[in-house]
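Residues per chain are reported as follows:
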Amino acid sequence: MSSPSPCDGERPPFPAVEARRIVVTHRLPLRAEPNPESPHGFDFSLDADALPLQLSRGLPRPVVFVGALPSAAASIPASEKLAADLLERFSCSPVFLSAGLHEDFYDGFCKHYLWPMLHYLLPHTPYNGDGGHNFNQELYRAFLTANTKYADRVHELLNPDEDLVFIHDYHLWALPTILRHKSVRARIGFFLHSPFPSSELFRAIPVREELLRALLNADLVGFHTYDYARHFLSACCRMLGLSNHSRRGYIGVDYSGRAVVVKILPAGVDMGQLRGVLASPETAAKAKEIAAEFAGRKVLLGVDDIDLFKGIGLKLLAMEKLLESQEEMRGRVVLVQINNPARSPGRDIDTVRAEAHAMRDRINGRFGEPGYEPIVMIDEPLTMHEKLAFYTSADICIVTAVRDGLNRIPYIYTACRQEGPIAGGGAPGAPRESAIVLSEFVGCSPSLSGAVHVNPWNVEDVAQGMISALTLNEQDRQMRQEKHYRYVLTHDVAYWGRSLDQDLQMASRDHASMNILSVGLAMKFRIVVLGPDFQKLSPGDINPSYNRTGNRLILLDYDGTMMPEGVIVRYPSQELIDVLNELCSDPKNTVFVVSGRRKDELAGWLAPCERLGISAEHGYFTRWSRDSPWESPDLVVGLDWKNIVEPVMKHYADATDGSYIEAKETALVWHYEEADPDFGSCQAKELQDHLLSVLAKEPVSVKSGNKIVEVNPQEVGKGTAVQNLIATMGAHGSLPDFILCVGDDGSDEDMFAAITKPSSNFAFPKSADIFACTVGNKPSLAKYYLEDSDDVLKMLKGLTGSSRPVRALQSQVSFEDPFE
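What counts, and where the lines are drawn
- Residues numbered from 1 in each chain as written.
- Predicted model: local features only at pLDDT ≥ 70, side-chain atom pairs only at ≥ 80, totals over all residues.
- Heavy atoms only, no water.
- Helix = DSSP H or I, 4+ residues; strand = E, 2+ residues; numbered from the N terminus.
- Buried < 20%, exposed > 50% of the residue type's maximum accessible area, 1.4 Å probe, protein only.
- Contact = heavy atoms within 4.5 Å.
- Areas by Shrake-Rupley, 256 points an atom, 1.4 Å probe, with all protein chains shown as cover.
- Lys, Arg positive; Asp, Glu negative; His and termini not counted.
- Charge placed at Lys NZ, Arg CZ, Asp CG, Glu CD.
- Salt bridge = Lys/Arg side-chain N within 4 Å of Asp/Glu carboxyl O.
- Pairing = 2+ DSSP bridges.
- 1 Å grid on protein atoms, 1.4 Å probe; cavity = no way out; pocket = protein on both sides within 12 Å on 5 of 7 lines; lining within 4 Å.
- Points joined across faces, edges and corners; volume = space filled by probe spheres on them.
- Axes fitted to C-alpha atoms, helices over the stretch in contact; angles between N-to-C directions.
- Phe/Tyr/Trp six-rings, centres within 6.5 Å; stacked < 30°, edge-to-face > 60°.
- Lys NZ or Arg CZ within 6 Å of the ring centre and 35° of its normal.
- Core = buried A, V, L, I, M, F, W, Y, C linked by side-chain atoms within 4.5 Å.
- Patch = residues over 30% accessible without salt bridge, like charges linked within 9 Å, V, L, I, M, F, W, Y side chains within 5 Å.
- pLDDT = per-residue confidence, 0-100.
- Left-handed = near helix turned anticlockwise from the far one by under 90°.
- Nonpolar A, V, L, I, M, F, W, Y, C, P; charged D, E, K, R; others polar.
- Expected span 1.5 Å × (residues − 1).
- Polar contact = N/O pair within 3.5 Å; in protein donor to acceptor, adjacent residues only side chain to side chain.

**A short note on the overall build of the protein**
Here is step 1: Summing up its helical and strand segments, the protein has 25 helices and 31 strands in all.
Here is step 2: A principal-axis box enclosing the C-alpha atoms of the protein has dimensions of 110 × 65 × 50 Å.
Here is step 3: Per-residue burial over the protein gives 57% buried out of 820 residues.
Here is step 4: Intrachain contacts of the protein at a sequence separation of at least 6 include 71% that bridge at least 24 residues.
Here is step 5: Here the protein displays about 33,900 Å² of accessible surface, and carbon together with sulfur accounts for 50% of that area.
Here is step 6: The average position of the 82 basic charges and that of the 107 acidic charges among the side chains of the protein differ by 2 Å.

Structure follows, in structure tokens:
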């Protein structure tokens, strides 16, 4: 572990400059035209069609783009002169990737492993013809290496106190972790433009925890739909045990003392750019040409990238089904299918294209006639003017993707139908109209309630959706167009950018004042946010006080403190027994184990420790040494309340697989650590509410802890137990002048409160040196923390003066950059 905030201090402070927005994407928003006379062999210009440029609309200026060079110029060798030139002219800072690295990173890992997995395609063979590879460690390492190069470029530009970093899409999934390691106070937003699959599929990824923690190293994580966000939250709960909360409309994931904000908002369209293209003479001329070509026919339009998940074949089959069932529509409807160029080569792409062509030829052969082809397929690249002319002229837009994240085709169609030159042939000033047949598995689907939503896997459902759209009356089409256009206009890409910017500022507003600690190796790196006075307990803090004082009280929790979390065998090691005996052998020490466990369990496990005190069941049973009798307080109430609690807990135990009841002499505990995480926590909340209701008049407390719900008398608790121990010592004239209290969970917070915020109704040693210490980096009433049970054992050995090394179960240290 490193000291707080080590990374940002390595560079000289930045001069006072205006805060920038750094937009990081796979490629820069540039066009590259070959020019042998240019110093670099290419002429560069901003690409108005590029998604990164559009997504920056609404962000406060200045904006700096970071990404790889356009594919046409990818062969240019690394050149800082070119980098400086592009930064000065276009605010673009290039990341130079060699051809081999880019192929392994993008084509290998991103497009043929990660992208299919995110779209629910499991690779069942080393290479399946559908486009998915099995996980390959070398390709994953290339992915991390490429992401490291992006992080290096961002870090060169970054002023962490002022700048905001916006990372886009799965190609840069690892970037939040790598950038966070380089700059712990960086203000990072990550937006995933692809689907996030269900946790059942996501957990099949071998590096699933690394990828989850990478997103959690951002301050804000964005998704297009609630479904994708819900899958992410479920994965965090099931694989990392993290909880989330909702407050004032924001969802937050609790992670290492931070609340990672989850944002849900589909990206809109660039209305300014669309209006500029729609108003051009070229668009009007092409629209007129299309209107003449398809005069007297209804035009159904599909615009899709050539890939496995756009459902092009299903769309064609639905068109065939429509023509089969609706003879009167033959010759009157035509499907224009525009196939955008594939983003990555592969046999899967060739297969999709070949199948689409074969279906087109077969359907046209069945239902075509001279002068009429029911399916017109366009494979050659179209200009933006030509493409928007088709949008403007189409009566119906059809999107049948089987799984899609960022798909703005319906938004573009809606804008073109409203502001295009002919709007389907209507007279100038006439009400605009449209109809959309939309897959329910597309990111924009929830925002377009007026669309005809279909299940793309059900060909008959899609065909019926087409028929419904074709038979809508004019008023209905106008109403749907008006509703959709109002949404598209008010939720354009500028709105999306402003909203993202505002939420990232909110999510990272406390960075400057945070007490940050760096923890973990490589892709397990994370930051831990600590309280302003929270610090790791070091020998320099505790040993001088321990050596100086003469009447010491040492209070130790058992599970999670002296015993590691997750171990099945709870017997203490011989090493721990030796350390406890050594502490107890010092006449200046009074040592107690304070635990919620039953007294018989603790007595059996700790039998070799003759002089060790035990306070069991949260302090109800106490003994001062192995041979002394158990003492317990005289409770005002009996335990009749158990007759109410037990049947309620049994009902929930029977209904929740993996849960069970633990009966103590003074308490009942419902455990659900082995239950399904989502279902278990849901049942725990309901059980707690149920118990609070039926026990409203009983003098008991109902508490939730680490995978438990516990009921015990209100007079019983670790805080009360500690007060009683101190009072007993005081009654014998030996109030402690040194108190060490170590614990790891919520019940131990009562102990910390008792020694750090003592009440006035018992004799507390006000001059005592107090060391309240929690185990693990978490918000706590304690001033100090230790990482784990190994740290606790090491600290106790330090007090005894033992020099024997402690065997570490795990190491959590800040890493040298492993990707270089």
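Having put the structure on the table, let's press on.
**Some details on the pattern of salt bridges**
Here is step 1: All chains considered together, the criterion is met by 46 salt bridges.
Here is step 2: A salt bridge links Arg258 to Asp219; its shortest N-O distance comes to 3.5 Å. Of the two residues, Arg258 sits in strand β11 (residues 258–264) while Asp219 sits in the loop between α7 (208–216) and β8 (220–223), which places them 39 residues apart along the sequence.
Here is step 3: The class for Asp219 is buried, based on a relative accessible area of 2%.
Here is step 4: When the shortest N-O distance is used, the salt bridge between Arg597 and Asp559 registers 2.6 Å. Linking Arg597 in the loop between β22 (589–594) and α20 (599–605) with Asp559 in the loop between β21 (552–556) and α19 (574–584), this pair joins segments that are 38 residues apart in sequence.
Here is step 5: A cluster of three or more residues bridged by salt bridges with shared partners is formed by Glu320, Lys321, Glu324, Arg362 and Arg366.

**Things to note about the pairing of strand β18 (residues 515–519)**
Here is step 1: A large share of β18 lies buried, amounting to five of its five residues.
Here is step 2: Side chains Asn515, Leu517 and Val519 project from β18 onto one buried face, and the interleaved Ile516 and Ser518 project onto a second face that is buried too.
Here is step 3: As judged from the five bridges shared by β18 and strand β19 (residues 526–530), these two strands associate in the antiparallel manner. For Val519, the partnering residue across the bridge sits in β19 and is Arg526.
Here is step 4: Hairpin geometry of β18 and β19 is characterised by an intervening segment of six residues between the two adjacent antiparallel strands and by a positive phi of about 105° at Gly520.

**Here we look at empty space enclosed by the protein**
Here is step 1: Scanning the model with the defined rule gives one cavity of 30 Å³ or more in all.
Here is step 2: The volume enclosed by the largest cavity comes to roughly 30 Å³.
Here is step 3: Along its surface, the largest cavity is lined by His224, Pro266, Ala267, Gly405, Leu406, Asn407, Arg408, Tyr411, Gly443 and Cys444.

**Observations regarding the sheet that holds strand β1 (residues 21–27)**
Here is step 1: Strands sit in the order β5-β4-β1-β6-β7-β8-β11-β10-β9 across an open sheet of nine strands; the sheet is mixed. With one partner strand each, in any of the chains shown, β5 (92–95) and β9 (244–247) form the two edges of the open sheet. Between one strand axis and the next, the sheet turns through 25° on average, direction left out of account.
Here is step 2: On the sheet, helix α2 (residues 80–90) packs against β4 (63–68) and β5 and is oriented at approximately 150° with respect to β5.

**What about the sheet that holds strand β27 (residues 700–705)?**
Here is step 1: Taken in spatial order, the four strands of this open sheet run β25-β26-β28-β27, and their pairing is antiparallel. Two strands close off the open sheet at either side, each with one partner strand: β25 (660–663) and β27. Strand-to-strand twist across the sheet, computed as the mean angle between neighbouring axes with direction ignored, equals 15°.
Here is step 2: Packed onto the sheet, helix α22 (residues 677–694) meets β26 (668–671), β27 and β28 (708–713) and runs at close to 170° relative to β27.

**Some details on unusual backbone geometry**
Here is step 1: Geometrically, the link from Arg61 to Pro62 is a cis peptide bond, its omega value of 5° lying close to zero.
Here is step 2: Along the chain, the position of Pro62 falls in the loop between α1 (51–55) and β4.
Here is step 3: A positive phi is found at Ser91, a non-glycine position, where the angle reads about 55°.
Here is step 4: For Ala522, which is not glycine, the phi dihedral falls at a positive 45°.
Here is step 5: Relative to the helices and strands, Ala522 is located in the loop between β18 and β19.

**What to know about the packing of aromatic side chains**
Here is step 1: Counted under the stated rule, the structure contains 29 aromatic pairs.
Here is step 2: Seen from their ring centres, Tyr113 and Phe135 are 5.5 Å apart, and the 70° between their planes marks the pair as edge-to-face. Here Phe135 lies in the loop between α3 (99–118) and α4 (137–157) and Tyr113 lies in helix α3, a separation of 22 residues in the sequence.
Here is step 3: On the accessibility criterion, Phe135 (23% relative accessible area) is partly exposed.
Here is step 4: Note on Phe223 and Phe232: the rings are 5.3 Å apart at their centroids and 40° apart in plane angle, and the pair reads as tilted.
Here is step 5: Judged by its relative accessible area of 0%, Phe223 is buried.
Here is step 6: Under the relative-accessibility criterion, Phe232 is labelled buried at 0%.
Here is step 7: A network of ring pairs unites the aromatic residues Phe105, Phe109, Tyr113, Phe135, Tyr140, Phe143 and Tyr150 as a single cluster.
Here is step 8: Sitting over the ring of Tyr120, Arg403 keeps its end group 3.9 Å from the ring centre.

**Thoughts on helix α13 (residues 384–393)**
Here is step 1: Across the 10 residues that make up α13, a large majority, seven, are buried.
Here is step 2: Among the residues of α13, those classed as buried are Lys387, Leu388, Ala389, Phe390, Tyr391, Thr392 and Ser393.
Here is step 3: Where the residues of α13 are buried, they touch α9 (271–278), α10 (281–293), β12 (298–305), β13 (333–340), β14 (375–378) and α14 (409–419).

**Notes on the nonpolar core**
Here is step 1: With 107 residues, the main nonpolar core has Val24, Tyr150, Trp173, Phe196 and Phe232 as its most contacted residues.
Here is step 2: If we ignore the near neighbours within four places in the chain, the residues touching Val24 are Val66, Tyr150, Val154, Val165, Phe166, Ile167, His168, Leu172 and Leu175.
Here is step 3: Within the second largest apolar cluster, 39 residues are counted, among which are Ile577, Leu612, Ile614 and Phe621.

**Quick word on a nonpolar patch on the surface**
Here is step 1: Residues Ile568, Val569 and Tyr571 make up a contiguous nonpolar surface patch of roughly 400 Å² in combined accessible area.
Here is step 2: The topology assignment puts Val569 in the loop between β21 and α19.
Here is step 3: Given a relative accessible area of 55%, Val569 falls into the exposed group.

**A short note on the confidence of the model for the protein**
Parts of the prediction with low pLDDT should not have their coordinates interpreted in detail.
Here is step 1: For the protein, the average pLDDT comes to 88, and 92% of its residues sit at 70 or higher.
Here is step 2: pLDDT under 50 marks residues 1–16. Its contacts with residues more than four places away, or in other chains, come to 38 contacts.
Here is step 3: Scored below 50 in pLDDT, residues 803–820 makes 49 contacts in the model with residues more than four places away or belonging to other chains.

**A closer look at the packing of helix α11 (residues 312–325) against helix α15 (residues 459–470)**
Here is step 1: Packing of α11 against α15 brings their axes to within 8 Å, and their N-to-C directions diverge by 65°. Here the hand of the crossing between α11 and α15 comes out right-handed. Residue-level contacts link Leu314, Lys315, Leu317, Ala318, Met319, Lys321, Leu322 and Ser325 of α11 to Val459, Glu460, Val462, Ala463, Met466, Ile467 and Leu470 of α15.
Here is step 2: For the contact of α11 with α15, the per-class residue count stands at 11 nonpolar, one polar and three charged.

**Re the pairing of strand β30 (residues 769–775)**
Here is step 1: The buried count for β30 comes to five of seven residues, which makes it a mostly enclosed element.
Here is step 2: Where strand β29 (residues 738–743) lies against β30, six bridges are found, and the strand directions are parallel. Bridging from a neighbouring strand, Val742 pairs with Cys773 of β30.
Here is step 3: With three bridges connecting them, β30 and strand β31 (residues 784–786) associate as parallel partners. Across the sheet, residue Cys773 finds its bridge partner in β31, namely Tyr784.

**Observations concerning α15**
Here is step 1: A rise of 1.5 Å per residue sets the reference length of α15, with its 12 residues, at 16 Å; its end C-alpha atoms lie 17 Å apart and thus fit the reference within 8%.
Here is step 2: Among the residues making up α15, those that are buried are Val459, Val462, Ala463, Gly465, Met466, Ile467, Ala469 and Leu470.
Here is step 3: The opening residue of α15 is Asn458, an N-cap whose side-chain oxygen sits 3.2 Å from the backbone nitrogen of Glu460.

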